[in-house]
Amino acid sequence: MAEVLKKVDVVTVGAGWTGGIVAAELTKAGLNVLSLERGMMQTTENFAMIHDEWRYGINYGLMQDCSKDTVTFRHNVNGLALPYRKMGSFLLGSNVGGAGVHWNGWTFRFLPYDFEIKTKSFERYGNKLGNDYTLQDWGLTYKDMESYYDKFEKTCGICGEENPLAEKMGLFRSSPYPQEPLENTKMLKRFEKAAKEMKLHPFRLPAANSKGGYTNPDGQDLAPCQYCAYCERFGCEYGAKASPINTVIPKAMSTGKYTIRTHSNVIEILKKDGKATGVRFVDTRTMKEYIQPADIVVLTSYMFNNAKLLMVSDIGEQYDPNTGKGTLGKNYCYQINMGTTAFFDEQFNTYMGSGALGTTCDDYNGDNFDHSKEKFLHGAMIYSVQLGNRPIQSAPVPKGTPNWGAKFKKALNYNFTRAITVGGQGASLPHKSNYLSLDPTYKDAFGMPLIRLTYNFTEQDRALHKFITDKTAEVAKKMQGVRSIKKGAYLKDYSVVPYQSTHNTGGTTMGADPQTSVVNTYLQHWDMDNLFVVGAGNFQHNSGYNPTDTVGALAYRCAEGILKYHKNDRQLV
Amino acid sequence: MQDNVIDRRNFFKLSLLSGGVVAVSTISGGAILHATELTHVHKKTQESSNKIRGKMFFQVQTDFDNLSAACERIYPKDEQGEGAIGLGVPYFIDNQLASAYGYNDREYLQGPFIEGIAEQGYQTPMRRNEIFLEGVKALEAISQKRYKKTFSSLKGVEQDKILVDLEKNKIDFIGFKSSEFFTFLRDMTIAGVLSDPIYGGNDNKNGWRMMQYPGAQMSYIDKITSDEFFDIEPMSLADMEG
């Protein structure tokens, strides 16, 4: 029998960015918050020996243990889904801080266009993509989101500069970036010059890697970035990269009203009479079950798990791709990445860098250019970054170089410090056949079904990918001193094998209407007033940007919604 | 108080009193300090090559010799410096096969196992160390069949032909594709050349030196804005011990 624990005001499932933000805001307001975290505790102290590519970069030292939980994958409804046995395409986080510990720190606001994508696209182009693409507005506008973005960016001490196209895009800021951009480098200047020759509008990438010493509005301190090159897939040993473990979690702890219970894997949302009553979880060390009663339940785990918990708890209506009915699991989107690598004879300090040290342009992002003659909507940022190349993961070799042997060795050693990549990160729009559901066969270590991912790239993705890939090649060719270029291949079928992006979105979408969304614009579940679901799962589509700024902003909005609900005890909209 | 319940008192015991964060509070307000003042320092105590080696996985010397020969073809010795054997890569691979990597420790290994499409990734109940062992034994079997000689004694071009056949899926195995074995072999050779020497490969950091990778440096804050290229003596995690 499950042991019943003492009731709390609020329980969150997971203690990453969203759980940490919700905990910080609610405890400041006087509520008691408990986070159930399936992983272990970790702090900056854990990362003293982090400069280990083999352990963390290649063998995913900070990521989810797939032997306990993973997803299954197939291309379409007729296929047989098989388990994602080993991490590849995307890297799910683990432990306190979650994926917010191993991110790079790229911190973009989504465009005003993004929040009203259906309305704005239809206004300008009509139903260009047809009904198979399930475009949706998000139920609120950029204007509604601005104050939450501002709050998250101040929490993180974002280093950035005004986007030259901000005014054109309606991307206003109520206050400037908290810190000036990170240092500039020879590699990035080479890209910037070429981009300007192409009449693009480059600006420094907004970074959560603190340039100076910074104290955020919660009184939490960030140290200056050392450009040590171990950001993505790594925790920051200096506490310079903003993460839940050096910002919102210590803030919540300082109130004395926050508790994290580690090794606690939530397996069900409990409910009675149309309300959530708490959650059932397993202590992963003993497999003993507990019931944690709570007045308010907040799903703050990664988007796959948020969707899964709703599905296994039978809350909301599962999306059916054949009928188009149901919203839970609908509008799963991903991201498309493209690029061209340029090779030089001149050497660059490619091995130094920081997770968000870069320069980017939005000329071909959003609806910043006329799509009338194109077979796609939206676009991609075009960028160059100096993240600090690590040698196993990053072995740029020119076109035609063999994969192994004497010629490979020479090319590997020569080109490691002589290559610059011009990349693109593209939007991903929803399609009726891309969705999440429960797998009928495969189970996790706790006996619950794995989440099943039915996904493939669409014609929209392929057309956008080709368009931007060609642009990256044009910029790369223009860089001064370039010897040769190697253009990335155009988009093929989606594969879970190579790493692409941990920017999975959708499945628990937000909106103004329960017919087209799982939660309302305060991230409150339409069917259950005291249940909130927050994360990238709320996105109706994915933009040509990284999701974390929007996830953080939504978490602040969610916290505000929870406080409103706490006073009024009803549906907020 | 259970040891997995972290409240205010425990959290501050865990984090704020430990090195990094305390130091941070002293630099708020824009000061830029060097990394070493914030946390730990490197001690250059382990400069020499790794002389203590042993086989933890392979039991038969011929298997190990053939593995070594195959790795050397993937990353050969040349005028730049050592190849895979000289860098200790075969020991790196052997040792990894005996540990979490070889046993697919953090991977989903529940059935049913059904061969899917390539985009679904490998779907085999076999552990990587089993695949490696069968793969290496196949090198010998093919070599004996074609040349009546052990694989490690073949000429380089003859060894390459066998490796290419593996890479192109021309060899049949039960439970996995030969290209999957070749990819493991290739990737592990590169990893053994370029991972930190604490894992037994990249002997004396020479794999890094050849590509001018400085390894586990603490900070580049004093160099990041410079246009000059820096060829920095590499540093291992081993240099932080002691």
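Residues numbered from 1 in each chain as written. Chains lettered and ligands numbered in written order. Predicted model: local features only at pLDDT ≥ 70, side-chain atom pairs only at ≥ 80, totals over all residues. Heavy atoms only, no water.

- Per an unreviewed UniProt entry, chain B carries the name Oxidoreductase and comes from Campylobacter ornithocola.

- For chain A, an unreviewed UniProt entry supplies the name GMC family oxidoreductase and the organism Campylobacter ornithocola.
- UniProt annotates chain A under Sequence similarities (unreviewed entry) with the comment "Belongs to the GMC oxidoreductase family." (UniProt positions renumbered as here; feature names shortened; annotations may be inferred.)

A short note on the packing of aromatic side chains
Step number 1: Under the criterion given, the structure shown has 49 aromatic pairs over all chains.
Step number 2: When the ring of F110 of chain A is compared with that of W138 of chain A, the centres are 5.9 Å apart and the planes differ by 75 degrees; the resulting orientation is edge-to-face. A residue pair is termed long-range when its members are at least 10 positions apart, and F110 of chain A in the loop between β5 (82-83) and α3 (112-115) and W138 of chain A in the loop between α4 (117-125) and α5 (142-156) qualify at 28 residues. For the pair F110 of chain A and W138 of chain A, one class covers both residues: buried.
Step number 3: Both rings, one in F64 of chain B and one in Y91 of chain B, keep their centres 4.9 Å apart while their planes meet at 55 degrees; by these two values the pair is tilted. Of the two residues, F64 of chain B is situated in helix α4 (residues 61-74) and Y91 of chain B in helix α5 (residues 89-97); the sequence distance between them amounts to 27 residues.
Step number 4: Take F64 of chain B: its relative accessible area is 4%, and that puts it in the buried class.
Step number 5: Residue Y91 of chain B is classed as partly exposed on the basis of its relative accessible area of 24%.
Step number 6: An aromatic cluster of at least three residues, connected via ring pairs, comprises F73, Y84, F90, Y302, F304, Y332, Y334, Y455, F457 and Y494 of chain A.
Step number 7: Looking at K118 of chain A, its charged tip hangs above the ring of F122 of chain A, at a distance of 5.8 Å from the centre. (Phe/Tyr/Trp six-rings, centres within 6.5 Å; stacked < 30°, edge-to-face > 60°. Helix = DSSP H or I, 4+ residues; strand = E, 2+ residues; numbered from the N terminus. Buried < 20%, exposed > 50% of the residue type's maximum accessible area, 1.4 Å probe, protein only. Lys NZ or Arg CZ within 6 Å of the ring centre and 35° of its normal.)

Thoughts on the UniProt feature "domain: Glucose-methanol-choline oxidoreductase C-terminal" (unreviewed entry) in chain A
Step number 1: In the numbering used here, UniProt assigns the "domain: Glucose-methanol-choline oxidoreductase C-terminal" (unreviewed entry) feature to residues 430-555 of chain A.
Step number 2: Annotation note: span residues 430-555 of chain A, helix share 22%, strand share 19%, distance between end C-alpha atoms 23 Å.

Looking at the interface of chain B and chain A
Step number 1: At the junction of the two partners, chain B supplies 99 residues and chain A supplies 96 residues.
Step number 2: Buried area between chain B and chain A, both sides added, is near 7700 Å², and the carbon and sulfur share of it is 59%.
Step number 3: Considering only the side of chain B, the residues that lose the most area to chain A are R106, Y108 and I224 of chain B, jointly responsible for 11% of the buried surface there.
Step number 4: Inspection of the chain B/chain A interface yields three salt bridges.
Step number 5: Residue K410 of chain A is joined to E79 of chain B by a salt bridge in which the shortest nitrogen-to-oxygen separation is 3.4 Å.
Step number 6: Run the count over chain B and chain A and you get 40 residue pairs in polar contact (both at pLDDT 80 or more).
Step number 7: With six residues, helix α8 (residues 178-194) of chain B is the single largest residue contributor to the side of chain B that touches chain A. (Contact = heavy atoms within 4.5 Å. Buried area = accessible area lost by both parts, 1.4 Å probe. Salt bridge = Lys/Arg side-chain N within 4 Å of Asp/Glu carboxyl O. Polar contact = N/O pair within 3.5 Å; in protein donor to acceptor, adjacent residues only side chain to side chain.)

Observations regarding α5 of chain B
Step number 1: Within α5 of chain B, eight of the nine residues are buried, which leaves the element mostly enclosed by the surrounding structure.
Step number 2: Those residues of α5 of chain B that are buried are in contact with α2 (53-58) of chain A together with α4, α6 (128-147) and α8 of chain B.

Here we look at the sheet that holds strand β4 (residues 71-74) of chain A
All names here are of chain A.
Step number 1: Spatially, β5-β4-β18-β17 is the arrangement adopted by the four strands of the open sheet, whose pairing is mixed. Looking at strand neighbours, the two that pair on one side only are β5 and β17 (435-443), the edges of this open sheet.
Step number 2: As judged from the four bridges shared by β4 and strand β18 (residues 449-454), these two strands associate in the parallel manner. Pairing of T72 across the sheet is with R452, part of β18. (Pairing = 2+ DSSP bridges.)

Some remarks on the packing of α4 of chain B against helix α7 (residues 156-167) of chain B
Residues and elements named next belong to chain B.
Step number 1: One way to put it is that α4 packs onto α7 with a least axis distance of 10 Å and a crossing angle of 95 degrees. Relative to α7, α4 is oriented roughly perpendicular. Here A69, A70 and R73 of α4 come into contact with α7, specifically with G156, V157, Q159, D160 and L163.
Step number 2: Looking at side-chain class alone, the contact of α4 with α7 contains four nonpolar, two polar and two charged residues. (Axes fitted to C-alpha atoms, helices over the stretch in contact; angles between N-to-C directions. Parallel < 35°, antiparallel > 145°, perpendicular 65-115°, else oblique. Nonpolar A, V, L, I, M, F, W, Y, C, P; charged D, E, K, R; others polar.)

Focus on the UniProt feature "domain: Glucose-methanol-choline oxidoreductase N-terminal" (unreviewed entry) in chain A
Step number 1: Here, UniProt's "domain: Glucose-methanol-choline oxidoreductase N-terminal" (unreviewed entry) annotation points to residues 142-331 of chain A.
Step number 2: The span residues 142-331 of chain A shows a helical share of 25% and a strand share of 21%, and its end C-alpha atoms are spaced 20 Å apart.

A word on the sheet that holds strand β15 (residues 380-385) of chain A
Residues and elements named next belong to chain A.
Step number 1: Spatially, the six strands line up as an open sheet ordered β6-β14-β15-β16-β13-β19, and their pairing is antiparallel. The open sheet is flanked by β6 (203-204) and β19 (482-487), the only strands paired with a single partner.
Step number 2: The pairing of β6 with strand β14 (residues 358-361) spans two bridges and is antiparallel. Directly across from F203, in β14, lies its bridge partner T360.
Step number 3: Helix α11 (residues 459-478) rests against β13 (336-344), β15, β16 (419-426) and β19 of the sheet, and its axis sits at about 20 degrees to β13.

Observations concerning the side chain of Q335 of chain A
Residue and element names in this part refer to chain A.
Step number 1: Tracing the sequence through the fold places Q335 in the loop between α9 (303-312) and β13.
Step number 2: Here H503 takes part through its side chain, which lies 2.5 Å from a polar atom of the side chain of Q335.
Step number 3: Within the local environment of Q335, its side chain forms a polar contact with the backbone oxygen of Y545, the two atoms lying 3.3 Å apart.

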